[in-house]
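# Coordinate analysis (summary)
Listed below are the residues making up each chain.
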Amino acid sequence: MPTALVTGITGQDGSYLTELLLSKGYVVHGLIRRSSTFNTQRIDHLYLDPHDPRARLFLHYADLTDGSRLATLLSQIRPDEIYNLAAQSHVRVSFDEPEYTGDTTGLGTIRLLEAIRQSVPEAKFYQASSSEMFGAANPPQNESTEFYPRSPYGVAKVYSYWITKNYREAYGLFTTNGILFNHESPRRGETFVTRKITRAVARIAKGQQKELFLGNLDARRDWGYAPEYVVGMWKILQVDKPDDYVIGTGTDFSVKDFVRLAFEHVDLDWEKFVRFDEKYLRPTEVDSLVADASKAEGELGWKASVGPEQLAAIMVEHDIATINGFVPDKPVGTVWAEAVS
Ligand code: NAP
Ligand code: F7E
């Protein structure tokens, strides 16, 4: 059975990727941060007590800011594939915590790559690069577009992108970048704009909320569906020669468009509920990100099938179902917590 190591396993993408890898027969090791409350909600439905002979998902405490821990774990686990999804991933927060963002989202990658170089140089490495690296560059953006990051997050991701490429060229490691455009899902963090909108729409439709405060409605994004994007990650590591790929839908919608789609799904007029709050503005904004993912389609056979209209419907439906008491995945991380305590 192939063995994968996933950093950021408790995040949106980590949870979908783990589902995919387990379904393909992998043994999956996930790095998890110590937290004073449970933070494994997104993967609880995948976890079995390690004493169970069927267990193929194993979790380990670690942090991308702790290089010696990464080195120890890599030499113990000796994974075939490593997916580096961990990051301080919120662009607005990166302006509030620029140094921490640089340490985790930027330097975290070099700590991992050094551990790989020294312990498992034969392993394949995937770096979660981002369309935020393109920043102010004109759309559509592809693998040849010059980077012009507009936030501490974007700058940190550019560092990680280049150090990933450098370790490929300098040491011959199998290191790759997936340059993913925005991708969303019912598991999206609640402070990213799509999920913030769909949760509010569900609550407004149910009479639990009156207004929704947002910042810049004019920014344009290429929003895709996260479960499809983790397939792209896996495919990037299955090629013969390591390379970098843009992954996105090629669609071009504004935040206002997404708001309208989400409210229309419950037959409400968004203009009656949405208010402006400048606290959600960023010191520098990324105006327009639209993917040209033709290289991924041609070389990986990857193509998105879910666009923003369907995505908004999926997310609103999920958030309404949650209010109605439907809980799709096991909610709280008790199984894992019991196993390690
Ligand atoms: P997410 O939901 O915010 O998950 C981030 C993960 O990183 C969480 O598991 C988090 O752990 C972990 N993490 C944060 N700081 C860490 C640290 N210092 N050490 C170890 N783990 C740490 O992000 P996502 O949406 O799944 O995105 C996955 C990756 O793709 C990220 O690197 C993100 O920057 C990148 N990306 C995302 C998108 C997108 O649209 N979603 C697009 C392009 C690139 P906790 O659960 O403990 O907080
Ligand atoms: O903002 C505008 C905001 O925070 C999208 C991360 O996954 O994708 C994500 O970064 C747009 C921006 O995502 C609010 O100004 C308006 O223009 O959902 P977001 P993001 O910044 O695009 C990239 C590819 C990543 O790599 C990142 O990790 O929406 N916006 N009003 C707002 N945004 C938020 N969060 N909240 C608002 O109230």
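The paragraphs below set out a description of the structure included in this document. These figures come from a predicted structure and were not determined experimentally.

The next thing to look at is the sheet that holds strand β3 (residues 57–61). With respect to topology, 7 strands assemble into an open sheet ordered β3-β2-β1-β4-β5-β6-β11, the strand pairing being parallel. Across the chains shown, the open sheet's two edge strands, defined by having one partner strand only, are β3 and β11 (244–247). Strand after strand, the sheet turns through a mean of 20° between neighbouring axes, direction not considered. Looking at chain direction, strand β1 (residues 3–7) and strand β2 (residues 27–32) are connected through 4 bridges and run parallel.

Here P139 and P140 are connected by a cis peptide whose omega angle stands at -5°. Relative to the helices and strands, P140 resides in the loop between β5 (124–130) and α5 (152–171). Of note, D267 is a non-glycine position whose phi angle comes to about 60°, a positive value. Assignment of secondary structure puts D267 in the loop between α8 (255–264) and β13 (274–276). Given a relative accessible area of 73%, D267 falls into the exposed group.

Turning to its location among the elements, A304 is positioned in the loop between α9 (294–300) and α10 (308–323). When the C-alpha positions of A304 and G224 are compared, they lie 7.2 Å apart, and in sequence the two are 80 residues distant.

This part is about the environment of V28. As for its position among the elements, V28 is in strand β2. Exposure remark for V28: the relative accessible area of 0% places this residue in the buried category. As for V28 and L57, which are separated by 29 residues in sequence, their C-alpha atoms are 4.8 Å apart. Those residues in contact with V28, other than ones at most four positions away along the chain, are A4, V6, I9, T18, L21, L22, R56, L57 and F58.

Before going further, it helps to spend a moment on the site of ligand 2. Taken together, 22 residues surround ligand 2, and among them S89, S130, Y153, R282 and E285 come closest. Within the contact set of ligand 2, an oxygen atom lies 2.8 Å away from a backbone nitrogen or oxygen of V193. Backbone polar atom of G215 to a nitrogen atom of ligand 2: 2.8 Å apart, as the coordinates give it. A total of 700 Å² of accessible area belongs to ligand 2 in isolation, and the protein chains cover 95% of it. Among the residues forming the shell around ligand 2, the class breakdown is 8 nonpolar, 8 polar and 6 charged.

Enumeration over the complete set of coordinates arrives at 19 salt bridges. With its nearest N and O atoms 2.7 Å apart, the salt bridge here joins E19 to R187. With E19 in helix α1 (residues 12–23) and R187 in the loop between β7 (183–184) and α6 (193–205), this residue pair connects regions lying 168 residues apart in the sequence. Its relative accessible area of 25% is what places E19 among the partly exposed residues. The class for R187 is buried, based on a relative accessible area of 13%. In this structure, the salt-bridge partner of K295 is D243, at a minimum N-O distance of 3.1 Å. Of the two residues, K295 is situated in helix α9 and D243 in the loop between α7 (226–236) and β11; the sequence distance between them amounts to 52 residues. The class of D243 is partly exposed, set by a relative accessible area of 22%.

Parameters and conventions
- Residues numbered from 1 in each chain as written.
- Chains lettered and ligands numbered in written order.
- Predicted model: local features only at pLDDT ≥ 70, side-chain atom pairs only at ≥ 80, totals over all residues.
- Heavy atoms only, no water.
- Pairing = 2+ DSSP bridges.
- Helix = DSSP H or I, 4+ residues; strand = E, 2+ residues; numbered from the N terminus.
- Axes fitted to C-alpha atoms, helices over the stretch in contact; angles between N-to-C directions.
- Buried < 20%, exposed > 50% of the residue type's maximum accessible area, 1.4 Å probe, protein only.
- Contact = heavy atoms within 4.5 Å.
- Near = heavy atom within 4 Å.
- Polar contact = N/O pair within 3.5 Å; in protein donor to acceptor, adjacent residues only side chain to side chain.
- Areas by Shrake-Rupley, 256 points an atom, 1.4 Å probe, with all protein chains shown as cover.
- Nonpolar A, V, L, I, M, F, W, Y, C, P; charged D, E, K, R; others polar.
- Salt bridge = Lys/Arg side-chain N within 4 Å of Asp/Glu carboxyl O.

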